[in-house]
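# A look at the structure
Each chain, letter by letter, is given below.
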Amino acid sequence: LVETQQGSAALPLDVTLEPLRVNAAAGEVGLMAIAFGDDAQAEKATPKGLSLVNPDDFDAELLPRDAKGEALALVQQVYRYGSAAASLQLRVAPVAAELRADSWQILSLGDDRMLLAADLKVTITRSGIFRLLLEIPAGMEMESVSGASLSHWTESEVEKKRLLTLHFNGRTMGEQEFHLSLTGAATGANKKWQVPRLMLREATRESGILSIVPEQGMRVGVVEREHVSPMDPRELGDAPGKHATEALRNGALSFRLLQNDWKLGLSIDKLDPWVTAQVFHEVVLREGQMSSSVGLVYQIENASMKNMRVRIPGLTEAGAATVRATGDKVADFVKVEGEAD
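This write-up is about the structure you can find in this document. These figures come from a predicted structure and were not determined experimentally.

Reading guide: rules and limits
Residues numbered from 1 in each chain as written. Predicted model: local features only at pLDDT ≥ 70, side-chain atom pairs only at ≥ 80, totals over all residues. Heavy atoms only, no water. Helix = DSSP H or I, 4+ residues; strand = E, 2+ residues; numbered from the N terminus. Rg over C-alpha atoms; globule rule 2.2 N^0.38 Å. Contact = heavy atoms within 4.5 Å. Core = buried A, V, L, I, M, F, W, Y, C linked by side-chain atoms within 4.5 Å. Buried < 20%, exposed > 50% of the residue type's maximum accessible area, 1.4 Å probe, protein only. Patch = residues over 30% accessible without salt bridge, like charges linked within 9 Å, V, L, I, M, F, W, Y side chains within 5 Å. Areas by Shrake-Rupley, 256 points an atom, 1.4 Å probe, with all protein chains shown as cover. Salt bridge = Lys/Arg side-chain N within 4 Å of Asp/Glu carboxyl O. 1 Å grid on protein atoms, 1.4 Å probe; cavity = no way out; pocket = protein on both sides within 12 Å on 5 of 7 lines; lining within 4 Å. Points joined across faces, edges and corners; volume = space filled by probe spheres on them. Nonpolar A, V, L, I, M, F, W, Y, C, P; charged D, E, K, R; others polar. Pairing = 2+ DSSP bridges. Axes fitted to C-alpha atoms, helices over the stretch in contact; angles between N-to-C directions.

## Concerning the overall build of the chain
- Per the secondary structure count, the chain includes two helices and 20 strands.
- Here the C-alpha radius of gyration of the chain, 35 Å, is well above what a compact globule of 341 residues would show, namely 20 Å.
- Along the three orthogonal principal directions, the C-alpha set of the chain runs to about 135 × 40 × 40 Å.
- Long-range contacts, defined as pairs at least 24 residues apart, comprise 77% of the intrachain contacts of the chain with a sequence gap of at least 6.

Structural data, given as structure tokens:
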């Protein structure tokens, strides 16, 4: 049993193979097999002085094996040779991994910022890989990335496109899951705003579910869509818990992403708050003193508010100093300068 090995450059690689010979042999005949692991394949084979035979004719006991005795390579071609000169011109190419991605995405739109949270499931077949590349949407910044097979992540820029590289702990295959969080500036009111698209490079198939969740006080509508299909948020019963809950919020829109070059344009309008109030005013009159207690119950609709103004007429400067305000939502109260009362 003779074993040899030889280093090689990165694939693709051109190599010339010849059978092992016995010097001064009166006659010679043999079989030469070409076997590959999961990450390489024969792109082109040109035999000289060789005849192709059935792969089952070769003794598979010669294949390299792991500790469990399982073969590390698969015989793809077997040639028979004789005493005449024989060689095989072989071009070895890498096996391209096949990537399929499925995602659940939530885009939350607010007055201060927008947040994109994505659960990404990537299925890697045919060949293992060491990293994944995703295009970061314009105007968005990476906040966090997590995943069981993730070693670390880096950002780079190639051809004016920002890329996120997810580095694995080693050569990785099978189904891998990641959670990504990105932030961006608030959109404000916009007649036609393009939804940022998170795209996995080199993916042969990409699909998913996208939910648009506006904050209270914002109204969104669809003005353009391509390769997306609207859906009822109530159909997201199988979605991860957070996605299903957020998608059912009032005013949310959900879409099924059909392929990786989808486009979605939205109109975004800001609504004014609609406020109604119930007032209960109680006055206690004493000799030399009048005490007022006012209970206010506000009903705020359409949009949220950060402050309210209440006019209290007829107070002297001393009387204004006695004003107090309490309530679950009250953080502070101050006198408005330059205003009467």
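Still more to cover.
## With respect to the nonpolar core
- Formed by 40 residues in total, the largest nonpolar core has its most connected members in Leu107, Leu109, Leu132 and Val195.
- Secondary-structure elements contributing two or more residues to this core are strand S7 (98–109), strand S8 (113–135), strand S9 (140–147), strand S11 (161–185), strand S14 (203–214), strand S15 (218–226), strand S17 (253–257) and strand S18 (263–270).
- Here this core gets nine residues from one element, more than from any other, and that element is S8.
- If we ignore the near neighbours within four places in the chain, the residues touching Leu132 are Leu99, Val122, Leu164, Thr165, Leu166, Phe168, Phe178 and Leu200.

## Remarks on a nonpolar patch on the surface
- A surface patch of nonpolar side chains, about 850 Å² in accessible area, is lined by Val275, Val279, Val294, Leu296, Tyr298, Ile300, Met305, Met308, Val310, Ile312 and Leu315.
- Elements that contribute at least two residues to the nonpolar patch include exactly strand S19 (274–286) and strand S20 (289–301).
- In terms of residues, the nonpolar patch owes the most to one element, S20, which gives four residues.
- For Ile312, the position within the fold is in the loop between S20 and helix H2 (317–320).
- The class for Ile312 is partly exposed, based on a relative accessible area of 36%.

## Remarks on empty space enclosed by the protein
- The final tally for this structure, using the stated rule, is two cavities of 30 Å³ or more.
- Taken as a whole, the largest cavity encloses approximately 80 Å³ of empty space.
- Around the largest cavity, the lining is made up of 14 residues, and of these Ser103, Gln105, Leu198, Glu206 and Ser207 lie nearest the centre.
- Broken down by secondary-structure element, the contributors of at least two residues to the lining of the largest cavity are S7, S8, strand S13 (199–200) and S14.
- Ranked by the residues each element gives to the lining of the largest cavity, the list is headed by S14, at three residues.
- Tallied by class, residues from the lining of the largest cavity come to seven nonpolar, six polar and one charged.

## Some words on the pattern of salt bridges
- Overall, the coordinates contain 15 salt bridges when judged by the stated rule.
- For Glu339, the salt bridge identified is with Arg309, shortest N-O distance 3.9 Å. Placement of the pair is Glu339 in the segment after H2 and Arg309 in the loop between S20 and H2, with a sequence separation of 30 residues.
- On the accessibility criterion, Glu339 (37% relative accessible area) is partly exposed.
- We classify Arg309 as exposed; its relative accessible area is 63%.
- Three or more residues are tied together by salt bridges with common partners; here these are Arg309, Arg311, Glu339 and Asp341.

## Some points on unusual backbone geometry
- Looking along the chain, the bond that leaves Leu11 and enters Pro12 is cis, with omega of 5°.
- Tracing the chain through its elements places Pro12 in the segment before strand S1 (13–17).
- Although it is not a glycine, Ala24 sits at a positive phi angle of roughly 60°.
- Looking at the secondary structure, you find Ala24 in the loop between S1 and strand S2 (30–36).
- Positive phi, close to 75°, is recorded for Arg126, a residue that is not glycine.
- Here Arg126 lies in strand S8.
- Given a relative accessible area of 47%, Arg126 falls into the partly exposed group.

## Observations concerning the sheet that holds strand S6 (residues 87–94)
- Strand order in the open sheet formed by three strands is S1-S6-S3, with antiparallel pairing between adjacent strands. Looking at strand neighbours, the two that pair on one side only are S1 and strand S3 (40–48), the edges of this open sheet. Taking each pair of neighbouring strands and ignoring which way they run, the sheet shows an average axis angle of 20°.
- With eight bridges joining them, S3 and S6 adopt antiparallel strand pairing. Bridge pairing links Ala40 to Pro94 in S6.

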